[in-house]
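Here is how the chains run, residue by residue.
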Amino acid sequence: MIFLKPMTVTTVKLNSSIPEPDVAQGEVVWSAGTYNLGQRVIKTSNHSVYEVVADPSTTDEPEVGAAKKPATWVRVGATNRYKMFDVTNNTSSTGEDIVIEFTPIELVNSVACFNVLCSSATVKAFNGAGAEIYNKEIELKTRPLVNGWFNYYYSGFSIIDKFVLIDLPPITDGKIQITFTGGASVGTCVFGEQVAIGDAQWGTGAEQLNFRPVNEDQFGNLSYGSGFKAKLVNYDIMVDTPLLDSAYSSISSLGDYPTVFIGNPSLIGDVTLAYGFVRDLNVTYTTPIKSNISLTVRGVI
């Protein structure tokens, strides 16, 4: 069982093929003037998209207007370049092929991506001298295990929408490069240092929380409201009893901040891979040798 606390991605650490503003996505940088209700602009200083909520218009600067009561602007979210680095998973950075380079200041030895839609992802690492020290390609469209040639040709492809790599060499003065190929869309990209907290046991499982209301009228007709779905993962973890207190402290220190949790490190993207926050945490001193941690993580929407 491993977790990764995301490192903050700043302008100094990031180089991306996605421009800011991304004109192809309709992004326009704010400049002084009058903006009408519903118009959107971006601020590159905080990589944010703002929308006018003043009726009929406003001349306020977006950050100033967003702080007013009543507000004249509202922050909608991150720019296309930074959507993959915000704390939500339902907004995505998009582009034909996306190439990002992350230059860490702290130690990094892991990377995880969620809500990914593309053909493949290639992760490379370089040392401080610029020499390549790691290279791995991940196919995100694969054929499922099938029986017979007919099923092979006509069963279609399986889509992998998340992955994690925990075998990166430790990097402090180099850089990590990720290339998403083929009409790419990336919801979340996390760089971090892995922390091991024991071993996930049989009995670990996941469920889906549905926040989308389904209404049924008297004739049995269904209508659907708006909403999202989230993952809920229940980890049953065994840890050495002498390490139980430190494991508890490590998990508690995460608070409500979204974190990557890896229940099965041998698989790069099974159901126990989650990006979310700690909902429940219970520890039990079972024996002098081994003890148990029950951890519930609710995935971000």
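Quick note: structure is the one above.
Note that the coordinates shown come from a computational prediction; the quantities given were computed from them, not determined experimentally.

S.K.: Provide a residue-level description of the side chain of Ser-120, including the pertinent values.
M.R.: If you trace the backbone, Ser-120 turns up in strand β11 (residues 120-126). By relative accessible area, which is 8% here, Ser-120 ends up buried. Not counting residues up to four positions away in its chain, the partners in contact with Ser-120 are Glu-137, Ile-138, Glu-139, Leu-140, Thr-179, Phe-180 and Thr-181.

S.K.: Give a description of the packing of aromatic side chains that names residues and reports values.
M.R.: Using the criterion set out here, one finds six aromatic pairs in the structure. A centroid spacing of 6.3 Å and a plane angle of 65 degrees characterise the contact between Tyr-82 and Phe-85, whose relative ring orientation is edge-to-face. Counting every residue linked through ring pairs, the aromatic cluster contains Phe-3, Tyr-235 and Phe-261. The ring of Phe-126 has Lys-175 lying over it, and the distance from NZ or CZ to the ring centre is 5.4 Å.

S.K.: An account of the pattern of salt bridges is needed here, citing residue identities and associated values.
M.R.: Scanning the entire structure with this criterion turns up 10 salt bridges. Here Asp-240 and Lys-290 are joined by a salt bridge, their closest N and O atoms 2.5 Å apart. Highlighted residues: Asp-240 in strand β23 (residues 229-240) and Lys-290 in strand β26 (residues 290-299), separated in sequence by 50 residues. We classify Asp-240 as partly exposed; its relative accessible area is 33%. Asp-280 is the salt-bridge partner of Arg-279, the closest N and O atoms lying 3.1 Å from each other. With a relative accessible area of 32%, Asp-280 lands in the partly exposed category.

S.K.: Describe the environment of Glu-20, listing the residues and the values that go with them.
M.R.: With respect to the element layout, Glu-20 can be found in the loop between β2 (14-16) and β3 (35-36). Among the residues examined, Glu-20 registers a relative accessible area of 21% and is labelled partly exposed. Each C-alpha atom of the pair Glu-20 and Asn-80 lies 7.6 Å from the other, and the pair is 60 residues apart in sequence. Discounting chain neighbours no more than four positions away, the residues touching Glu-20 are Ile-42, Thr-44, His-47, Thr-79, Arg-81 and Tyr-82. A distance of 3.0 Å separates the side chain of Glu-20 from the side chain of His-47, its partner in a polar contact.

Rules behind the numbers
- Residues numbered from 1 in each chain as written.
- Predicted model: local features only at pLDDT ≥ 70, side-chain atom pairs only at ≥ 80, totals over all residues.
- Heavy atoms only, no water.
- Helix = DSSP H or I, 4+ residues; strand = E, 2+ residues; numbered from the N terminus.
- Buried < 20%, exposed > 50% of the residue type's maximum accessible area, 1.4 Å probe, protein only.
- Contact = heavy atoms within 4.5 Å.
- Phe/Tyr/Trp six-rings, centres within 6.5 Å; stacked < 30°, edge-to-face > 60°.
- Lys NZ or Arg CZ within 6 Å of the ring centre and 35° of its normal.
- Salt bridge = Lys/Arg side-chain N within 4 Å of Asp/Glu carboxyl O.
- Polar contact = N/O pair within 3.5 Å; in protein donor to acceptor, adjacent residues only side chain to side chain.

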